Amino acid sequence: MLVALSFLATGCGSSDTQFLNGNLPTTTRADRIGSLHLGSPTSQANLEVIGYDAAGLPAVRTTTDERGSFVLKDFPADGRVVVRLPEVTLSAQVNGQRFFWVTGVSTLVSRYQQARPELTTAQAQLEIARFLDIPADTSLQGTFGRTWRSPLSWPALVPPAGSTTIDTFLDQQVEAASQGQIVSFREPHPYPALYSALGNR
């Protein structure tokens, strides 16, 4: 059941934007609300946001507010959104959602689908879930915090990049996913010996 929600989007051009957290017909254009979430203290204000339509053409440009939120005015149901940080470009696929998160996981899904355009977003999500060792029944459209319970932590993903740019490192992870590898970018468990003894990895 679609539930009407109210979202306060200060600095995004609307003080009381109504949206449905669900999907609309693919021909429907609507104002779509996005929010950047990395689980880290990275500055999220005044970041460039570009929404591309299904043909890959820029359709909307805007910026994030101090909370990393933004509104894409009259954006098509299918497209791709990129958020440009100084150190990396993050992204998310839009498939009818009126509200969506831009995260490290959404970026891997988006880049995987860009590299494999024959796949649907749902298929790309399954591949990235397998790559990150995330249970198939876990939604990849939510947020992922800085905790060992989270299947991916952005602060845990960045350090392995080393001297490689984060954009290049993410592309390398997409290639690794296409080769069937499985990795982990989780925060370490506070009691690793107990965690292992319980049959976890």
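1. Some details on the sheet that holds strand β6 (residues 69-75)
Piece 1. Ordered by their spatial adjacency, three strands build an open sheet running β6-β3-β9, and the pairing between neighbours is mixed. A strand with exactly one partner marks an edge of an open sheet, and here the two such strands are β6 and β9 (99-102). Ignoring strand direction, the axes of neighbouring strands in this sheet form an average angle of 25 degrees.
Piece 2. Two strands pair when backbone bridges link them, and strand β3 (residues 30-36) and β9 are joined in this way by four bridges, in the parallel orientation. Bridge pairing in β9 places Gly34 opposite Phe100.

2. Overview of the pairing of β3
Piece 1. When you tally the buried positions in β3, you get six out of seven residues, the bulk of the element.
Piece 2. As paired elements, β3 and β6 share five bridges and run antiparallel to each other. Within β6, the position partnered with Ser35 by the bridge is Ser69.

3. Some points on the pattern of salt bridges
Piece 1. Enumeration according to the criterion identifies nine salt bridges in this entry.
Piece 2. The partner of Glu48 in a salt bridge is Arg84, and the shortest N-O contact between them spans 3.6 Å. Of this pair, Glu48 sits in strand β4 (residues 48-53) while Arg84 sits in strand β7 (residues 78-84), and the two are 36 residues apart along the sequence.
Piece 3. It is possible to trace a salt-bridge network through shared partners that takes in Glu48, Arg61 and Arg84.

4. What to know about the confidence of the model for the protein
Piece 1. Mean pLDDT for the protein: 80, with 74% of residues reaching 70 or above.
Piece 2. Across residues 1-22, where pLDDT falls below 50, the model places 48 contacts with residues more than four positions away in sequence or in other chains.

5. Re helix α2 (residues 121-131)
Piece 1. When α2 is considered as a whole, its buried residues turn out to be Thr121, Ala124, Ile128, Ala129 and Phe131. Projected down its long axis, α2 shows its buried positions confined to an angular sector of 155 degrees, all on one face.
Piece 2. Residues of α2 that are buried in the fold lie against β8 (89-95), α1 (104-115) and α4 (166-178).
Piece 3. Looking one or two residues beyond α2, the residue adopting positive phi is Asp133, at roughly 60 degrees.

6. As for the packing of α1 against α2
Piece 1. α2 packs onto α1 with a crossing angle of 120 degrees between their chain directions and a minimal axis gap of 9 Å. Relative to α2, α1 is oriented oblique. Once α1 is placed against α2, the crossing between them reads as right-handed. On α2, the residues that touch Leu108, Val109, Tyr112 and Gln113 of α1 are Thr121, Ala124, Gln125, Glu127 and Ile128.
Piece 2. Classifying every residue of the contact of α1 with α2 by side-chain character gives five nonpolar, three polar and one charged.

Quick notes on the rules
- Residues numbered from 1 in each chain as written.
- Predicted model: local features only at pLDDT ≥ 70, side-chain atom pairs only at ≥ 80, totals over all residues.
- Heavy atoms only, no water.
- Pairing = 2+ DSSP bridges.
- Helix = DSSP H or I, 4+ residues; strand = E, 2+ residues; numbered from the N terminus.
- Axes fitted to C-alpha atoms, helices over the stretch in contact; angles between N-to-C directions.
- Buried < 20%, exposed > 50% of the residue type's maximum accessible area, 1.4 Å probe, protein only.
- Salt bridge = Lys/Arg side-chain N within 4 Å of Asp/Glu carboxyl O.
- pLDDT = per-residue confidence, 0-100.
- Contact = heavy atoms within 4.5 Å.
- Arc of directions from axis to C-beta.
- Parallel < 35°, antiparallel > 145°, perpendicular 65-115°, else oblique.
- Left-handed = near helix turned anticlockwise from the far one by under 90°.
- Nonpolar A, V, L, I, M, F, W, Y, C, P; charged D, E, K, R; others polar.

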